[in-house]
Amino acid sequence: MLIETEQTPNPSTLKFVLEQAVMDNGTRDFASPEDAEQSPLAEALFSLGDVTGVFFGSNFVSVTGGEGSQWTDLKPQVLSILLDHFSANLPLFKAGSAGEIYVPPEEDVHDDPEDADIVAQIKELIETRVRPAVANDGGDIIYRGFNQGTVFLKMQGACAGCPSSTATLKHGIESLLKHYVPEVTDVQAA
């Protein structure tokens, strides 16, 4: 099994690209060992001690190393865990009912029904132009809401905590959205 590693804009995060699917649908972000309790793979990665974040994408796993960790030491350990997990065809998540999984609700900005056309345009741009680019960097971006000209977005994976995430939001995504949707005046992290 081949696993390629790629640098991300976040120097603390490496993207491990597999030649097979990791997630069939959506993404999953683990920001702590407690978040990882439903995934044997995420638990194993956090057990290394130097891991502070794990993110599952369509065909990649992004791993964030803690402050002071060195990728020269951590990378072989992460690769070993990934190879063992995917070579053995182990499940990504523990068996159980959906009722056993608790995901705390996120605070969404409630969209005004009168802004439905604007929100649809924003969501389409995020899905077709922004998310693919962010996924290439080992992360994801989630639409959280639109209120009085401001778009609220949540960055995940390699993008969460990345030194350049503010620049990405303000100069990249905000410029794109303002260009195509004149009603957008600001983009903020949620």
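For every chain, the first residue of its written sequence is number 1, and the numbers climb from 1 along that sequence. Local features in this predicted model are restricted to residues whose pLDDT is 70 or higher, and side-chain atom pairs enter the listing and the counts only when it is 80 or higher, whereas totals over whole chains, interfaces and linings include all residues. Heavy atoms from the whole structure form the basis of all side-chain values; hydrogens and water molecules are not counted.

1. Regarding the sheet that holds strand β8 (residues 186-189)
The condition is simple: For two strands to count as paired, DSSP must find a minimum of two bridges between them. Put simply, DSSP H or I for four residues or longer makes a helix, DSSP E for two residues or longer makes a strand, and each gets a number counted from the N terminus. For every element, the axis is a line fit to its C-alpha atoms; helices are fit only across the contacting stretch, and the angle between N-to-C directions ranges from 0 to 180 degrees. In this analysis, two residues are considered to be in contact whenever any of their non-hydrogen atoms come within 4.5 Å of each other.
Within the open sheet, the three strands sit side by side as β6-β7-β8. Their pairing is mixed. Single-partner strands in this sheet number two, and they are β6 (139-147) and β8. Within this sheet the neighbouring strands show an average axis-to-axis angle of 30°, counted without direction. As paired strands, β6 and strand β7 (residues 150-157) are joined by eight bridges and run antiparallel to one another. Following the sheet pairing, Asp140 is matched in β7 by Gln156. Along the sheet, helix α3 (residues 116-136) makes contact with β6 and β7, crossing β6 at roughly 165°.

2. Some details on the nonpolar core
Our working definition: Only buried residues count toward a nonpolar core. Its members are Ala, Val, Leu, Ile, Met, Phe, Trp, Tyr and Cys residues joined through side-chain atoms within 4.5 Å. Burial status follows relative accessibility: with a 1.4 Å probe on protein chains alone, a residue under 20% of its type maximum counts as buried, one over 50% as exposed, and anything between as partly exposed.
Counting residues in hydrophobic clusters, the biggest one holds 25 residues, and the most contacted among them are Phe16, Leu41, Leu45, Val54, Phe56, Val61 and Leu82. Counting residues per element, the ones that place at least two in this core are β2 (13-18), α1 (40-46), β4 (51-56), β5 (60-65) and α2 (71-87). Examining the composition of this core, we find that seven residues originate from one element, α2, more than from any other. Core analysis: the next-biggest nonpolar cluster, separate from the first, contains 20 residues, Leu125, Ile126, Val130 and Val134 among them.

3. Thoughts on the packing of aromatic side chains
Rules: Only centres within 6.5 Å qualify two rings of Phe, Tyr or Trp (six-membered ring in Trp) as a pair; their planes then separate them into stacked at under 30 degrees, edge-to-face at over 60, and tilted for everything else. The criterion for a charge sitting over a ring is simple: Lys NZ or Arg CZ within 6 Å of the ring centre, and within 35 degrees of the ring normal.
Counting across every chain of the model gives four aromatic pairs. Between Phe16 and Trp71 the ring centres are 6.2 Å apart and the planes differ by 55°, which places this aromatic pair in the tilted class. Highlighted residues: Phe16 in strand β2 and Trp71 in helix α2, separated in sequence by 55 residues. Here Phe16 falls in the buried class, since its relative accessible area comes to 0%. Classification of Trp71 by relative accessible area gives buried; the value is 16%. Aromatic side chains Phe30 and Phe56 sit 5.0 Å apart centroid to centroid with 70° between the ring planes, which places their arrangement in the edge-to-face category. Here Phe56 lies in strand β4 and Phe30 lies in strand β3 (residues 28-30), a separation of 26 residues in the sequence. A single burial state applies to Phe30 and to Phe56, both of which are buried. In this structure an aromatic cluster arises from ring pairing among Phe30, Phe56 and Phe93. Its end group placed over the ring of Phe60, Lys15 keeps NZ or CZ at 4.7 Å from the ring centre.

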